[in-house]
Amino acid sequence: QVQLVESGGGLVQPGGSLRLSCAASGSIFSLYVMAWYRQAPGKQRELVAAITRDSDTNLASSVKGRFTSSRDNAKNTVYLQMNSLKPEDTGVYYCHVVGYEGSGGWGQGTQVTVSS
């Protein structure tokens, strides 16, 4: 099993930036595709980004050009750099171990609020 802990969320004005981190326990982190999801109030959880063990990244069209994702396998950590934030980016951001069927494949989430 794994355990994921997100951090780095907070309150930011439109146009600002935040850097989210997701730290994973265990030694199997580098074997999996990792993903970032977010869930806005009253909305379904949506995929934001996915990053392979070799750091190939796919981004949702709504965040392309503004967000980037990276991973440090040695530190068992994945990052989401969010720039030019908009109010519609508000939500709880979760990291996820793609394809992992055991417990702990989802973190508890970190709140991102973009408001003036």
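Basis of the calculations
Residues numbered from 1 in each chain as written. Predicted model: local features only at pLDDT ≥ 70, side-chain atom pairs only at ≥ 80, totals over all residues. Heavy atoms only, no water. Salt bridge = Lys/Arg side-chain N within 4 Å of Asp/Glu carboxyl O. Buried < 20%, exposed > 50% of the residue type's maximum accessible area, 1.4 Å probe, protein only. Helix = DSSP H or I, 4+ residues; strand = E, 2+ residues; numbered from the N terminus. Phe/Tyr/Trp six-rings, centres within 6.5 Å; stacked < 30°, edge-to-face > 60°. Lys NZ or Arg CZ within 6 Å of the ring centre and 35° of its normal. Pairing = 2+ DSSP bridges. Axes fitted to C-alpha atoms, helices over the stretch in contact; angles between N-to-C directions. Disulfide = S-S within 2.5 Å.

### A few points about the pattern of salt bridges
Tallied over the entire structure, the rule returns 3 salt bridges. Across the pair Arg38 and Glu46 runs a salt bridge, and its minimum N-O distance is 2.8 Å. Look at Arg38 and you get buried, because its relative accessible area is 5%. Here Asp89 and Arg66 are joined by a salt bridge, their closest N and O atoms 2.7 Å apart. Of this pair, Asp89 sits in the loop between strand 8 (77-82) and strand 9 (91-97) while Arg66 sits in the loop between strand 6 (57-59) and strand 7 (67-72), and the two are 23 residues apart along the sequence. When sorted by exposure, Asp89 lands in the same class as Arg66, which is buried.

### Some words on the packing of aromatic side chains
Taken as a whole, this structure holds 3 aromatic pairs when the rule is applied. Taking 6.5 Å as the distance between ring centres and 80° as the angle between the ring planes, the aromatic pair formed by Tyr94 and Trp106 counts as edge-to-face. With Tyr94 in strand 9 and Trp106 in the loop between strand 9 and strand 10 (110-114), this residue pair connects regions lying 12 residues apart in the sequence. Joined through ring pairs, the aromatic side chains of Tyr37, Tyr94 and Trp106 make up one cluster. It is Arg19 that lies over the ring of Tyr79; its NZ or CZ is 4.2 Å from the centre. Directly above the ring of Trp106 sits Arg45, whose terminal nitrogen or CZ lies 4.8 Å from the centroid.

### Here's the deal with the sheet that holds strand 7
With antiparallel pairing, the 4 strands of this open sheet are ordered in space as 1-3-8-7. Each having just a single partner strand, strand 1 (4-7) and strand 7 make up the two edges of the open sheet. Put simply, the sheet's adjacent strands are angled 15° from each other on average, direction ignored. Summarising the sheet, strand 7 and strand 8 pair through 6 bridges and their orientation is antiparallel. The residue of strand 8 that forms the bridge with Phe67 is Met82.

### Structural notes on the state of the cysteines
Under the definition given, this model contains 1 disulfide. Sulfur-sulfur distance for the disulfide between Cys22 and Cys95 comes to 1.9 Å. What sets the handedness of the Cys22 and Cys95 disulfide is the S-S torsion sign, and at about 60° it is right-handed. Residue Cys22 is located in strand 3 (residues 18-24), and its partner Cys95 is located in strand 9; the two are separated by 73 residues in the primary sequence. Owing to a relative accessible area of 0%, Cys22 belongs among the buried residues under this scheme.

### As for the sheet that holds strand 4 (residues 34-39)
What links the strands of a sheet is backbone hydrogen bonding, and the strands pair in either a parallel or an antiparallel sense. In spatial order, the strands read 2-10-9-4-5-6; together these 6 strands make up an open sheet with mixed pairing. The open sheet has two edge strands, strand 2 (10-12) and strand 6, and neither has a second partner. Averaged over all adjacent pairs, the angle separating strand axes in this sheet is 25°, with direction ignored. Pairing of strand 5 (residues 46-51) with strand 6, which is carried by 3 bridges, proceeds in the antiparallel orientation. From the neighbouring strand, Ile51 faces strand 6, where its bridge partner is Thr57.

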